[in-house]
Amino acid sequence: MNIIVFIKQVPETTEVKINPETNTLIREGVTSIINPFDMYAIEEGLRVREAKGGRVTVITMGPPQAEAALRQCIAMGVDEVVLLSDRVFAGSDTLATSYTLSCAVRKIKDFDLIICGKQASDGDTAQVGPGIAQHLNIPFVTYVRKIEEIPEDRKSIRVEKMVDEGYEVREMKLPALITVVKEINEPRLESLRGKLNAKKAQIPVWTFSDMEMDKERLGLDGSPTQVIKIFTPQPREAGEIFEGEAEDCVNKLVEKMKENKIV
Amino acid sequence: MDYLLTEEQEMIRELASKITENKIMPVREELDRTGEFPGGIVKDIAAADLFRVAIPEEYGGIGGGCLELCLIVEELSRGCAGVAVSFAASALGAFPINRFGSEEQKKKYLPLLASGEKLAAFGLTEPNAGSDAGAIETTAKPEGDEYVLNGTKVFITNGGEADIYVIIAMTNKEKGARGASALIVEKGTPGFSFGKKEDKMGIRCSATRELVFDNCRIPKGNLIGREGTGFIITMSNFNHSRSGIGAQALGTAQGALDEAVKYSGERVQFGKTIATFQAIQHKLADMAIQVEAARALIYSTARMIDSGKQKNFSKESAISKVFPSDVAMAVTVEAIQVLGGYGYMKDYPVEKYMRDAKIMQIYEGTNEIQRNIIGLELIKESKRKKK
Ligand SMILES: Cc1cc2nc3c(=O)[nH]c(=O)nc-3n(C[C@H](O)[C@H](O)[C@H](O)COP(=O)(O)OP(=O)(O)OC[C@H]3O[C@@H](n4cnc5c(N)ncnc54)[C@H](O)[C@@H]3O)c2cc1C
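Here is what the cut-offs are and how they apply
- Residues numbered from 1 in each chain as written.
- Chains lettered and ligands numbered in written order.
- Predicted model: local features only at pLDDT ≥ 70, side-chain atom pairs only at ≥ 80, totals over all residues.
- Heavy atoms only, no water.
- Near = heavy atom within 4 Å.
- Polar contact = N/O pair within 3.5 Å; in protein donor to acceptor, adjacent residues only side chain to side chain.
- Areas by Shrake-Rupley, 256 points an atom, 1.4 Å probe, with all protein chains shown as cover.
- Helix = DSSP H or I, 4+ residues; strand = E, 2+ residues; numbered from the N terminus.
- Nonpolar A, V, L, I, M, F, W, Y, C, P; charged D, E, K, R; others polar.
- Salt bridge = Lys/Arg side-chain N within 4 Å of Asp/Glu carboxyl O.
- Buried < 20%, exposed > 50% of the residue type's maximum accessible area, 1.4 Å probe, protein only.
- Phe/Tyr/Trp six-rings, centres within 6.5 Å; stacked < 30°, edge-to-face > 60°.
- Lys NZ or Arg CZ within 6 Å of the ring centre and 35° of its normal.
- Domains from an automatic or database assignment.
- Contact = heavy atoms within 4.5 Å.
- Buried area = accessible area lost by both parts, 1.4 Å probe.
- Core = buried A, V, L, I, M, F, W, Y, C linked by side-chain atoms within 4.5 Å.

Some thoughts on the site of the ligand
Residue and element names in this part refer to chain B.
Point 1. As a matter of local geometry, the ligand sits amid 21 residues, with Thr 125, Ser 131, Phe 155, Thr 366 and Glu 368 nearest to it.
Point 2. Within the side chain of Glu 368, a nitrogen or oxygen atom sits 2.7 Å from an oxygen atom of the ligand.
Point 3. The separation between a nitrogen atom of the ligand and a polar side-chain atom of Asn 372 is 3.3 Å.
Point 4. Coverage of the ligand by the protein chains reaches 64% of its 970 Å² of free accessible surface.
Point 5. Residue assignment for the shell around the ligand shows that the elements contributing at least two residues are strand E1 (120–123), strand E3 (146–157) and helix H11 (367–386).
Point 6. Its residues placed into classes, the shell around the ligand shows 9 nonpolar, 9 polar and 3 charged.

The following block contains the structure:
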């Protein structure tokens, strides 16, 4: 099984601050980490490899600093990493990003399974995983909470997909893509040998000229999404909850509506 | 304080610290309550390669030494000394094989211990031989190409959990202390069984158990070194491991100090946090002074041992066990005082730190025995100077 895992380096904070003038994230003074959801993707990749053999390749697109995230993947035990880094990639929206990442997969050619986290903690779009699958024309299942089976012939995969009411069992042909949720596993810690390897490792960097790609579909030019304005919404005041017997609650509610001249 | 650790040593410390924060702290209260062996955490420690640290590279290790082991033990003890001693006891069992074993023994056992797939233990103490180790009664009678073991070891850490036991037994009773030998006994050998599992005051999740040998036959190839060197191997083992007990004490004391500092900044009495009272500040300061002194002592001793420059260091090694363990006892008691009534309750971890700290004054040679060693060495040194 050759597995590709896509990860993203994100700011380590749940409270992302935004520069109101440029509409971009303020990254100064914020340490970068691997997107927490991607940690489950890496772990699942390692587990599939341990069960089925093969290799795990982790790919990220980002500035040269994103190398640190890839070193952490090596410390966790992945076989190969690739950094996609080029000025022409800058300003990519989810469409351009998923296109760029799919070009890296086409270059690698030989793969059975792609694993992504369910979404990135900074953008929260959950679009890049499915986008890659569409560009590659392969099947995908999002929000996977368990890989149930990959049969011996390795031609298909059966997974459990989380849905509001519980889960669905889905089966699809390989090669395929899944995005995973945190219920799927508990990511391992790094190992000492892994860390020593990570320290020594040369991180391969692929630029525009290393892949076969259509320049118009990259970066800002390839991004139809336009951010008009980003703002931090004002927190809403908590609503009022009526407790007690249904009849009393209804009466209270009607009173309240009258009071506020709603009825 | 910056102890000028190498990048690799920092990595080792960081890995152990992550295990403490993510794996040990969330479950330590439960481990303490149930006394259940922390098998899962041992696996995590193995996955992080920490069992490899003090094993040479050619046997699957990283080739570190005493200081690296101390860094791990300190960090793990900050979480739970019961977990830390389960790790450390395996190193105690591995050392005689690594230092005195044959090439064949090293090839057979060290890779298994390095990967953490198997744990080791060291068995010396007997019902009638604690501080007086020379009084051991377990025999290993040579018979053809085998030894036949008979006797009982008590209080053996990792007893039942370990697969590889280094046992000190008399191969020749007539020779007294020179008749003792170190032997490798594998779990599952016929005639080797486990007796009583102890219910302890502290380090409750570590396994402390009786080993029973009843006509247990082991191949002669399991003898470590030569016949008669059992106590030389034992002393060398303890000389190398005592700063590790110091590191257990250091981590335990640091953990208690951290809790005390945190609590004192939160607890409000008389309209202020108790940290604003000088009486509390001075307690915290005295605790910190002792903890830092213990750390400086342990790291320097471990560095000296690892340098290989000094041949006899039984005095230094004893000092690096006595001082930190006395510090841990005092600091953990004081931490409870800082937390007041809450410190006495199991809802907070400080009373556990105190119960854990007590063992460090006792095992691997009581602090009285350590002081005997230090005193004796002082007298020897002064005699040497006179000559
Ligand atoms: C939790 C735990 C884990 C252990 N793990 C191991 C292990 O893995 N392997 C192993 O071999 N052993 C192990 N031990 C045994 C431990 O090392 C002994 O308990 C210790 O050496 C003390 O021996 P004792 O308990 O027989 O006490 P005793 O020797 O009976 O001592 C009783 C008291 O007398 C004092 N005393 C004795 N002799 C002298 C003297 N000459 N001068 C001054 N004071 C003296 C002692 O300091 C102590 O205060 C463990 C013990 C415990 C409790």
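On we go from here.
Observations regarding the pattern of salt bridges
Point 1. According to the stated counting rule, one finds 38 salt bridges over all chains in the structure shown.
Point 2. Note that Lys 195 of chain A and Glu 190 of chain A form a salt bridge whose closest N and O atoms lie 2.9 Å from each other.
Point 3. Its relative accessible area of 8% is what places Glu 190 of chain A among the buried residues.
Point 4. With relative accessibility at 13%, the residue Lys 195 of chain A sits in the buried group.
Point 5. Connected through shared salt-bridge partners, Glu 10, Arg 13, Glu 21, Glu 75 and Arg 78 of chain B make up one network.

Let's talk about the packing of aromatic side chains
Point 1. A full pass over the atoms with the stated rule returns 11 aromatic pairs over all chains.
Point 2. Centroid distance Phe 122 of chain B to Phe 238 of chain B: 5.8 Å. Interplanar angle 75 degrees. Geometry classified as edge-to-face. With a gap of 116 residues between them, Phe 122 of chain B in strand E1 and Phe 238 of chain B in helix H7 (residues 230–266) connect regions that are remote in the sequence. The residues Phe 122 of chain B and Phe 238 of chain B share a single accessibility class, namely buried.
Point 3. The rings of Tyr 165, Phe 192, Phe 194 and Phe 213 of chain B are connected pair by pair, giving a single aromatic cluster.
Point 4. The side chain of Lys 215 of chain A reaches across the aromatic face of Phe 208 of chain A, ending 5.3 Å from its centre.

Topic: the environment of Glu 21 of chain B
Residue and element names in this part refer to chain B.
Point 1. By the secondary structure assignment, Glu 21 is in helix H1 (residues 7–24).
Point 2. Using a relative accessible area of 40% as the deciding quantity, one classes Glu 21 as partly exposed.
Point 3. Along the sequence, Glu 21 and Gly 79 sit 58 residues apart, while their C-alpha atoms lie 7.1 Å from each other.

Notes on the domain arrangement of chain B
All names here are of chain B.
Point 1. Domain annotation for chain B reports domain 1 (7–118), domain 2 (121–230) and domain 3 (231–382).
Point 2. Computed over C-alpha atoms only, the centres of domain 2 and domain 3 are separated by 30 Å.
Point 3. Listed by partner, the interface residues are 17 residues for domain 2 and 13 residues for domain 3.
Point 4. Summed over both sides, the interface between domain 2 and domain 3 buries roughly 1,300 Å², with carbon and sulfur atoms accounting for 73% of that surface.
Point 5. Inspection of the domain 2/domain 3 interface yields 0 salt bridges.
Point 6. Counting the contacts that link domain 2 with domain 3 gives 7 residue pairs in polar contact (both at pLDDT 80 or more).
Point 7. Residue composition of the side of domain 2 that touches domain 3, by class: 11 nonpolar, 5 polar and 1 charged.

Describing the nonpolar core
Point 1. Core analysis: the biggest nonpolar cluster contains 90 residues, and Ile 45, Leu 50 and Leu 149 of chain B have the highest contact counts within it.
Point 2. Top contributing element to this core by residue count: helix H8 (residues 278–307) of chain B, with 10 residues.
Point 3. Setting aside anything within four residues of it in sequence, one finds Ile 45 of chain B in contact with Ile 19, Leu 50, Phe 51, Leu 76, Val 83 and Phe 87 of chain B.
Point 4. Tyr 40, Val 144, Ile 150 and Val 180 of chain A belong to the second largest nonpolar core, which has 39 residues in total.

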